[in-house]
Amino acid sequence: MQKRAAPAQKAAKLERVQRLREPFVLEGQTIPAGQRRIVDIPLSMMSDHTPATVSVQVIHGKRDGPTVFISAAIHGDEVLGVEIIRRLGRLVALRRLSGTLLLVPIVNSFGFIGQSRYLPDRRDLNRSFPGNINGSLASRLAHLFLNNVVRRCDYGIDLHTAAIHRNNLPQARVDLKSKKARILAEAFEPPVILNASLREGSLRAAASELGIPVMVFEAGEALRFNEVAVRVGVAGIMKVLRHLKMVAKGTTRSANKKIRKTPVATKSSWIRATEGGLLRTRHDIGDYVREGDILGLISDPFGARETEVLATKDGLIISTSTIPLVNQGDAVFHIAFLSEAAASDASIEAIEDEIDSNPIFEYDEL
Ligand SMILES: [Zn+2]
């Protein structure tokens, strides 16, 4: 008798849970609790009359919880975040989500198709917020994304890479003055957190005006995938979702994981090429360097003349130029000012060890 009643009880319980949570409505589409759907929000027509949309995957959990957006390719050539979101969406753990996730892998589809950071009007979307419905294409897209996606959320994570011809160590960027954004970044447990004050026109600044904390995850290069950067990104987002109690504990942390405190750099500085020429780098992202260390050498094509690029302060290299052709004044190494002890977990080897110590995520192969 008990056994026969079980399926009916289960169905009744499911019905109760579903009745508790209102469906999520986006662009006139209704997504019931416990379901996911891709919603295309129309933006405009491309010049050949192909419709341009912003595609949002809504994962509306059965249980109550916060609403969080994860966005990528606001700069169209920063494709690494698209892969992070693709993998994230396939994680089995999201089947039991509490709250709602809005996944937006490609915000700037114009730039994505054109393999460009910018929009066809040569504007930078991340300098165009909050945007205007009657403004430039970038301004309209900023307005659409802010009002249809960001405004609906309690938190956000925006995924970026370095600009073209540069490589970034996986890092979180937040305005440390915002306590809530800082907590997000700490929950992410990136190799390093960098203080980044809010820049006018950026998504972070516009979201902050609305009281929505947003952290930026920066890793890797434009137009490239990088397995370490992707894994740090997926793991970090899952840690944030766990912190927000949207996924169950134990979905991201292995039993023997060591406790580490993420280094926080309040200051950083770019080291610039002192003259033009061909740059050979001697250090890479994740290296700890001391003031006076030779970071690279700039030479003329015959090798007759050679100039050293020197570290101006002790710190962790968080970004490098990847193109050997430099002009005088080009930014070639970005150094976060940290003590060697604080930076010890941010080397590439330490990051790889950290990834290996985490359990392999279970992906949905359906
Ligand atoms: Zn970017």
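Residues numbered from 1 in each chain as written. Predicted model: local features only at pLDDT ≥ 70, side-chain atom pairs only at ≥ 80, totals over all residues. Heavy atoms only, no water.

If you look the protein chain up in an unreviewed UniProt entry, it shows as Succinylglutamate desuccinylase from Sneathiella litorea. Annotation of the protein chain in UniProt includes, under Cofactor (unreviewed entry), the sentence "Zn(2+)". (UniProt positions renumbered as here; feature names shortened; annotations may be inferred.)

Student: For the side chain of Glu83, give the residues involved together with the corresponding values.
Tutor: Tracing the backbone through its elements, the reader meets Glu83 in helix H2 (residues 80-89). A polar contact of 2.9 Å, which involves the side chain of Glu83, links it to the side chain of Arg86. Glu83 has contacts with Phe225 and Val230, leaving out every residue within four places of it along the chain. (Helix = DSSP H or I, 4+ residues; strand = E, 2+ residues; numbered from the N terminus. Polar contact = N/O pair within 3.5 Å; in protein donor to acceptor, adjacent residues only side chain to side chain. Contact = heavy atoms within 4.5 Å.)

Student: Lay out unusual backbone geometry in plain terms, naming residues and giving numbers.
Tutor: Here the residue pair Phe129 and Pro130 is connected by a cis peptide bond, since its omega of 5° sits within 30 degrees of zero. Note that Pro130 resides in the loop between helix H3 (109-113) and helix H4 (137-148). For Arg122, which is not glycine, the phi dihedral falls at a positive 65°. Overall, Arg122 belongs to the exposed group, its relative accessible area being 75%. Even without a glycine there, the phi angle at Lys245 is positive, about 60°. Relative to the helices and strands, Lys245 is located in the loop between helix H7 (227-243) and strand E11 (264-265). According to the relative accessible area criterion, Lys245 is exposed, its value standing at 67%. (Buried < 20%, exposed > 50% of the residue type's maximum accessible area, 1.4 Å probe, protein only.)

Student: Run through the coordination of the zinc ion, naming residues and quoting values.
Tutor: Of the protein atoms, only His75 (ND1), Glu78 (OE), Glu78 (OE) and His160 (ND1) coordinate the zinc ion, at distances of 2.1 to 2.4 Å. The site at the zinc ion holds four donor atoms, and with the angles between them running 57 to 145°, its shape is irregular. In the primary structure, the donors to the zinc ion are separated according to the pattern H-x2-E-x81-H. Of this pair, His75 sits in the loop between strand E5 (63-72) and H2 while His160 sits in strand E7 (residues 155-160), and the two are 85 residues apart along the sequence. (Donors = N, O, S within 2.8 Å, 3.2 Å for Na, K, Ca; no water. Tetrahedral: all angles 85-135°; square planar, octahedral: opposite > 155°, others 65-115°.)

Student: Before we move on, can you summarise the packing of aromatic side chains with the specific residues and values?
Tutor: Scanning the model with the defined rule gives two aromatic pairs in all. Residue placement shows Lys313 over the ring face of Phe337; its charged tip is 4.5 Å from the ring centre. (Phe/Tyr/Trp six-rings, centres within 6.5 Å; stacked < 30°, edge-to-face > 60°. Lys NZ or Arg CZ within 6 Å of the ring centre and 35° of its normal.)

Student: Outline the domain arrangement of the protein chain, supporting the account with residue identities and numerical values.
Tutor: When the domains of the protein chain are assigned, the result is domain 1 (22-262) and domain 2 (268-336). The gap between the C-alpha centroids of domain 1 and domain 2 is 32 Å. Each partner contributes residues to the interface: domain 1 has ten residues there, and domain 2 has 15 residues. Taking both partners together, domain 1 and domain 2 bury about 980 Å²; carbon and sulfur atoms supply 61% of that area. If you look at where domain 1 meets domain 2, you find zero salt bridges. Viewed at the interface, domain 2 and domain 1 are joined by six residue pairs in polar contact (both at pLDDT 80 or more). Residue composition of the side of domain 1 that touches domain 2, grouped by class: three nonpolar, four polar and three charged. (Domains from an automatic or database assignment. Buried area = accessible area lost by both parts, 1.4 Å probe. Salt bridge = Lys/Arg side-chain N within 4 Å of Asp/Glu carboxyl O. Nonpolar A, V, L, I, M, F, W, Y, C, P; charged D, E, K, R; others polar.)

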